[in-house]
Amino acid sequence: MKFLRYGEVGAEKPGVLDGEGRIRDLSGVMDDLAGDVLADLPDVDPESLPLVDGDPRIGAPVGRVGKYMCIGLNYSDHAAEAGMDLPKEPILFMKATSAICGPNDTVSLPRGSEKSDWEVELAVVIGKRAKYVSEAEALDHVAGYCVTNDVSERAFQVERGGQWTKGKSCDTFGPLGPWLVTPDEAGDPQNLDLWLDVNGERRQTGNSRAMVFSVAEVISYLSQMMTLEPGDVIATGTPPGVGMGMKPPVYLKEGDVMTLGIEGLGTQKTPVVRDA
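Presented here is a report on the structure given in the accompanying data block. (Residues numbered from 1 in each chain as written. Predicted model: local features only at pLDDT ≥ 70, side-chain atom pairs only at ≥ 80, totals over all residues. Heavy atoms only, no water.)

### Overview of the overall build of the protein chain
Part 1 of the argument: What the protein chain contains, in helices and strands, is six helices and 18 strands.
Part 2 of the argument: Over its C-alpha atoms the protein chain spans a radius of gyration of 18 Å, differing by no more than 12% from the 19 Å that the globule rule assigns to 276 residues.
Part 3 of the argument: Considered along the principal axes of its C-alpha atoms, the protein chain spans approximately 55 × 45 × 30 Å.
Part 4 of the argument: When the 276 residues of the protein chain are sorted by exposure, 58% land in the buried category.
Part 5 of the argument: As displayed, the protein chain has an accessible area near 11600 Å², and 49% of this comes from carbon and sulfur atoms.
Part 6 of the argument: Charged side chains of the protein chain number 26 positive and 43 negative; the gap between the two group centres comes to 6 Å. (Helix = DSSP H or I, 4+ residues; strand = E, 2+ residues; numbered from the N terminus. Rg over C-alpha atoms; globule rule 2.2 N^0.38 Å. Buried < 20%, exposed > 50% of the residue type's maximum accessible area, 1.4 Å probe, protein only. Areas by Shrake-Rupley, 256 points an atom, 1.4 Å probe, with all protein chains shown as cover. Lys, Arg positive; Asp, Glu negative; His and termini not counted. Charge placed at Lys NZ, Arg CZ, Asp CG, Glu CD.)

### Things to note about the nonpolar core
Part 1 of the argument: In this structure, I219, I234, M258 and L265 are the most contacted members of the largest nonpolar core, which totals 43 residues.
Part 2 of the argument: If you list the elements that add at least two residues to this core, you get β4 (68–72), β7 (107–109), β9 (120–126), β10 (142–149), β14 (193–198), α6 (215–223) and β17 (257–262).
Part 3 of the argument: Looking at this core, the element that brings in the most residues is α6, giving five residues.
Part 4 of the argument: Residues within four places of L265 in sequence aside, it is in contact with L122, Y145, C146, V147, P178, W179, V181, A186 and L192.
Part 5 of the argument: Among the nonpolar cores identified, the runner-up in size contains 25 residues, and L38, V125, A143 and L180 belong to it. (Core = buried A, V, L, I, M, F, W, Y, C linked by side-chain atoms within 4.5 Å. Contact = heavy atoms within 4.5 Å.)

### Focus on the environment of P239
Part 1 of the argument: For P239, the location among the structural elements is in the loop between β16 (233–235) and β17.
Part 2 of the argument: Assessed through its relative accessible area of 0%, P239 is described here as buried.
Part 3 of the argument: On a C-alpha basis, the gap between P239 and Q204 in space is 6.6 Å, while along the polypeptide they are 35 residues apart.
Part 4 of the argument: Excluding residues that lie within four positions of it along the chain, P239 makes contacts with Y75, D77, H78, V120, L194, Q204, T205 and G206.

### Examining the packing of aromatic side chains
Part 1 of the argument: Throughout the structure, instances matching the rule amount to one aromatic pair.
Part 2 of the argument: Its guanidinium or amino end placed over the ring of F156, R160 lies 5.1 Å from that ring's centre, counting from NZ or CZ. (Phe/Tyr/Trp six-rings, centres within 6.5 Å; stacked < 30°, edge-to-face > 60°. Lys NZ or Arg CZ within 6 Å of the ring centre and 35° of its normal.)

### Observations regarding unusual backbone geometry
Part 1 of the argument: With an omega dihedral of -5 degrees, the bond running from K247 to P248 counts as a cis peptide bond.
Part 2 of the argument: Here P248 is to be found in the loop between β16 and β17.
Part 3 of the argument: Of note, L73 is a non-glycine position whose phi angle comes to about 50 degrees, a positive value.
Part 4 of the argument: In this fold, L73 is placed in the loop between β4 and α1 (76–82).
Part 5 of the argument: With a relative accessible area of 8%, L73 lands in the buried category.
Part 6 of the argument: Although it is not a glycine, T172 sits at a positive phi angle of roughly 75 degrees.

Bear in mind that shape data such as this cannot, by itself, settle questions of function.
In structure tokens:
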């Protein structure tokens, strides 16, 4: 199933897509797509739910995210593009949850930004609490998968005294969604096509089979170090084609439009503006 959240910022309601791609209201079944409900998402007939009129804003498909974790250099072809050796263990950095926004919301470049970049990624949403889980058990803890764009200000990331989180956490730098797609519908997370365009020009093309560490490996690895809670998000790395890797590098500017998607998980379209 494809779950989503719709409505104005801070007042999103839970929904589900029906067979014709229309939004059905789930607010009579649950308060929100957040927390413990993600461990046991309802198996409902969308046709039995109220139809949502109009064309509402789509929000991030999961609410009250506790941790937004990201895995760096997790695609072998992206590591080659960056001229870096493959990591021997997953590289972990955090993205502030205040960066999360809807899949079609505006991405706003922060003051002083000169090197803001794009990164389409497969995001995993944890459904069941995970601690010390094996790789064989790891996918049993997944509520679903969604599209994310790990927007990154490279100067903040690598030229401001260390810690990638600085360049990853600016407001609106985490568009998430449009849908939370359950594992049975998403299919094999290690065989999904990813792509991203800027102003209609293809920048990134890849497949999740190129991951250095699989989704199961990443979940198991992180669970040895911290408890993964329902609603935690893990962005699993990006394929080649980022602006930093172009010769010469190309970065986002006001007026650009990013369009991106993952096979079966939907698409995003985000216009770029600059903070006043």
